[in-house]
Amino acid sequence: MAGTIFTVQGKIGFDVWVADLASGTTERLTTDPMTDASEWTRDGRAVAYQSSAGVRLQAWPRSGGSTPIADTKELGFLSAGPAGAYWAFGVNADILIARDDSLNAPRPFIASAGVDEGSPRVSPDGRLLAYVSSEGGQLNVYVQPIPGPGARARVSVSGGRDPMWSPDGTALFYRTLGSPATFMRATIAERPRLEATRRDSLFPYRYAGYDVMPNGREFLMLKATSSDPRAGAASGLTITTSWLQLLARSRGGQAGAVR
Amino acid sequence: MTGPSERVAEGVVQGPQGAVGVAASRNGVLAVLASGSANADMDIVTVTDEGVERPTAIPRRSWGDLRISPDGR
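All figures in this text were calculated on a predicted structure; none of them were measured in a lab.

Moving on to the nonpolar core. One broad rule of soluble globular proteins: the nonpolar side chains tend to lie buried together. All names here are of chain A. In this structure, V143, V155, W165, L172 and I188 are the most contacted members of the largest nonpolar core, which totals 16 residues. Put simply, the parts of the chain that give this core at least two residues each are strand 13 (128–133), strand 14 (140–145), strand 17 (171–175) and strand 18 (181–189). Sequence-distant contacts of L172, defined by excluding residues within four places in its chain, comprise A130, V141, V143, V155, P163, M164, W165, M184, R185, A186 and I188.

Take a look at the structure:
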């Protein structure tokens, strides 16, 4: 049985669960309290994830314990490439890459001083990397040959994040910034040069996360429930003008904020 | 700043790689960008590229990120 992996918020980190889309059955895959960034291997036979002991690989269906594949303990994102190609890691505000036969020796690939880069996604054929960068003061989606050489191309026009490849590698999905955000599909061409040749607005993005179904025309979305009071408070900016005093008061049993 | 930690905000938005949406100044101004979804119960739905939403059989939980297996099941 294959399935969709989900991370579930724990007290410290996350756990990885596998759910079967048809039946709705779920099974816990990891028990490390510090589990984070997780990703299927391209053959669907294992899940790679960040643990407190580094990056580990857990076979699916579960058989035996997990095996270590890299020492790093600071992954924010992990993207597995196809066999013989590169994997990408988001570590702090940089992107590292490593061939699948040397995952314990990643090297910086995109690491600009003073710029946050993240959300790396290796293309289905392993030749391109999509990612977000805060260069210019705004998050935007970019695509770049991996491991290079080759110039990068900007995919989003006025802000974008959370890129995901279409299964055939001809398009990138992403969401615009702000609220309400828009879910976008950008057509990617490599010749005569790497560029986004078309951008289509698909629908309002009111979700907390997503992935692309194998047909490339449907998406699996995380949707906050309307019954959850936290769902209605999405994307609010709270300004507290006297947080030091509030902090001092909270220690005496009082707290408050001004929205 | 020294002293014990205190909870001053919840549901803080994270950046592309875990950077959080918080800015604090020395004069006591704290800006918090809240996602509203941290630890929230989540439904799993499918959505077509035309925005048509359908429920799935997966139970409601405090699901976090998700990744579809290569075979899409």
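From this point, things continue past the structure.
Residues and elements named next belong to chain A. Among the 5 residues that make up strand 17, 5 are buried, leaving the element largely enclosed by the rest of the structure. Here strand 17 shows two buried faces, one formed by A171, F173 and R175 and the other by L172 and Y174. With 3 bridges connecting them, strand 16 (residues 161–165) and strand 17 associate as antiparallel partners. Looking at strand 17, one finds that W165 is bridged to L172.

Right, let's talk about the layout of surface pockets for a bit. A volume near 470 Å³ is recorded for the second largest pocket. When contributions to the lining of the second largest pocket are tallied by element, the ones reaching two or more residues are strand 4 (38–40), strand 12 (117–122), strand 16 and strand 20 (209–212) of chain A together with strand 5 (63–68) of chain B. Here the lining of the second largest pocket is built from residues that sort into 12 nonpolar, 5 polar and 5 charged.

Our next topic: the sheet that holds strand 16 of chain A. Residues and elements named next belong to chain A. In space, the 4 strands of this open sheet follow the order 16-17-18-19, with antiparallel pairing throughout. The open sheet terminates on both sides in strands that have one partner only, identified here as strand 16 and strand 19 (195–205). The mean inter-strand angle of the sheet, taken between neighbouring strand axes irrespective of direction, is 25 degrees.

What follows concerns the pattern of salt bridges. Residue and element names in this part refer to chain A. According to the stated counting rule, one finds 13 salt bridges over all chains in the structure shown. Where E190 meets R127, a salt bridge forms, and the shortest distance between an N and an O atom there is 2.9 Å. Residue E190 is found in the loop between strand 18 and strand 19, and its partner R127 is found in the loop between strand 12 and strand 13; the two are separated by 63 residues along the sequence. Under the relative-accessibility criterion, E190 is labelled partly exposed at 31%. For R127, a relative accessible area of 42% puts it in the partly exposed group.

This part takes up the sheet that holds strand 4 of chain A. Residues and elements named next belong to chain A. Reading across from one edge, 4-5-6-7 is the order of the 4 strands in this open sheet, with antiparallel pairing throughout. Each end of this open sheet is capped by a strand with a single partner; those strands are strand 4 and strand 7 (67–70). Each strand axis lies, on average, 30 degrees off the axis of its neighbour in the sheet, ignoring direction. Here strand 4 pairs with strand 5 (residues 46–51) via 3 bridges, running antiparallel. The partner of E39 across the bridge, within strand 5, is A48.

The topology assignment puts B:R67 in strand 5. A distance of 3.2 Å separates polar atoms of two side chains, one belonging to B:R67 and the other to B:D65.

Residues and elements named next belong to chain A. Relative to the helices and strands, T197 is located in strand 19. Measuring from C-alpha to C-alpha, the distance between T197 and R161 comes to 18 Å, with 36 residues separating the pair along the chain. With residues up to four places along the chain from it excluded, the contact list for T197 reads T187 and A189.

Basis of the calculations
- Counting starts from 1 at the beginning of each chain's written sequence and moves along it residue by residue.
- Whichever chain is written first is A, and whichever ligand is written first is 1; the rest continue in order.
- Totals for whole chains, interfaces and linings use every residue, but because this is a predicted model, local features are given only for residues with pLDDT of at least 70 and side-chain atom pairs only at 80 or more, for both listing and counting.
- To get the side-chain values, take all heavy atoms of the structure and skip hydrogens and water.
- What is meant by a nonpolar core is a set of buried Ala, Val, Leu, Ile, Met, Phe, Trp, Tyr and Cys residues, joined one to another through side-chain atoms within 4.5 Å.
- The cut-offs for exposure are 20% and 50% of the maximum accessible area for each residue type, with area from a 1.4 Å probe on protein chains only; residues under the lower value are buried, those over the upper are exposed, and the others partly exposed.
- Secondary structure elements are defined from DSSP: runs of H or I of at least 4 residues count as helices, runs of E of at least 2 residues count as strands, and each element is numbered from the N terminus.
- In what follows, residue pairs with any heavy atoms lying within 4.5 Å of each other are defined as contacts.
- Pairing between strands is defined by DSSP: at least two bridges between the two strands are required.
- Definitions used throughout: a 1 Å grid over protein atoms alone; a cavity as a set of points that fits a 1.4 Å probe which cannot get out; a pocket as an open set with protein on both sides within 12 Å along at least five of seven lines; a lining residue as one with an atom within 4 Å of a point.
- Grid points are joined across faces, edges and corners, and a volume is the space filled by probe spheres set on the points.
- When residues are grouped by polarity, Ala, Val, Leu, Ile, Met, Phe, Trp, Tyr, Cys and Pro land in nonpolar, Asp, Glu, Lys and Arg in charged, and all others, Gly among them, in polar.
- As a rule, the C-alpha atoms of each element are fitted with a line to give its axis, helices using only the stretch in contact, and angles between N-to-C directions run from 0 to 180 degrees.
- Salt-bridge detection follows one rule: a side-chain nitrogen of Lys or Arg within 4 Å of a carboxyl oxygen of Asp or Glu.
- Identification of polar contacts relies on pairs of N or O atoms within 3.5 Å, with a donor-acceptor requirement for protein atoms, meaning one able to donate a hydrogen and the other able to accept it, and with residues adjacent in sequence counted only if both atoms are side-chain atoms.

Any functional reading would require information beyond the geometric quantities listed.
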